[in-house]
Amino acid sequence: MGQSLAVFYPNIFHVTIVAHMFNRVSEKVREMYPDIIKLINNKKKVFLKSPYHVQECKEILPDIPLPPEPILTRWGKWLEAAIFNYCDIIQGL
């Protein structure tokens with residue numbers, strides 16, 4: 001697969017290195033903030049396991065979106081969830 005793509009994209013090796021670099025950076029960020037991991041996991045459990053909580057949240061706060069679902073294999077999604085939850089903490093202070 002990679003060799004057939006290399007015909008069309010001769011610099012594909014470098015793109016792979018950049019993606020790997022982003023993945024390593026996001027792993028380091030997750031490692032540095034274990035409390036955020038706990039918070040994200042707890043919110044994920046609340047909204048994933050209970051349609052009632054989702055409905056209640058949408059009724060009480062109709063203009064605020066639900067927290068994004070964190071996906072570890074997609075570093076951007078996990079960072080979105082972390083930022084969303086971090087902003088939630090800051091607003092609560």
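These lines cover the structure that appears in this document, whether it is placed above or below. Predicted model only: the values in this text are computed from it and were never measured.

## A few points about a nonpolar patch on the surface
Part 1 of the reasoning: A cluster of nonpolar residues, Val-18, Met-21, Phe-22 and Val-25, forms a patch on the protein surface that exposes about 340 Å² of accessible area.
Part 2 of the reasoning: The exposure class assigned to Val-25 is partly exposed, which follows from its relative accessible area of 47%.

## A closer look at the environment of Ile-40
Part 1 of the reasoning: Among the secondary structure elements, Ile-40 is positioned in helix α3 (residues 34-49).
Part 2 of the reasoning: Under the relative-accessibility criterion, Ile-40 is labelled buried at 2%.
Part 3 of the reasoning: What Ile-40 contacts, discounting residues up to four positions off in sequence, is Pro-70, Trp-78, Ala-81, Ala-82 and Asn-85.

## Focus on the pattern of salt bridges
When their charged atoms lie close together, side chains carrying opposite charge are able to pair.
Part 1 of the reasoning: Evaluation of the coordinates by the stated rule reveals two salt bridges.
Part 2 of the reasoning: Notably, a salt bridge pairs Arg-24 with Glu-27, separated by 3.9 Å at the nearest N-O pair. Placement of both Arg-24 and Glu-27 in helix α2 (residues 12-32) is noted, with a separation of three residues, approximately one turn of the helix.
Part 3 of the reasoning: Classification of Glu-27 as partly exposed rests on a relative accessible area of 34%.
Part 4 of the reasoning: The residue Glu-31 makes a salt bridge to Lys-28 at a minimum N-O spacing of 3.2 Å. A residue pair is termed a helical-turn pair when its members lie 3 or 4 positions apart in one helix, as Glu-31 and Lys-28 do in helix α2 at three residues.
Part 5 of the reasoning: Residue Glu-31 is classed as exposed on the basis of its relative accessible area, which comes to 58%.

Parameters at a glance
- Residues numbered from 1 in each chain as written.
- Predicted model: local features only at pLDDT ≥ 70, side-chain atom pairs only at ≥ 80, totals over all residues.
- Heavy atoms only, no water.
- Patch = residues over 30% accessible without salt bridge, like charges linked within 9 Å, V, L, I, M, F, W, Y side chains within 5 Å.
- Areas by Shrake-Rupley, 256 points an atom, 1.4 Å probe, with all protein chains shown as cover.
- Salt bridge = Lys/Arg side-chain N within 4 Å of Asp/Glu carboxyl O.
- Buried < 20%, exposed > 50% of the residue type's maximum accessible area, 1.4 Å probe, protein only.
- Helix = DSSP H or I, 4+ residues; strand = E, 2+ residues; numbered from the N terminus.
- Contact = heavy atoms within 4.5 Å.

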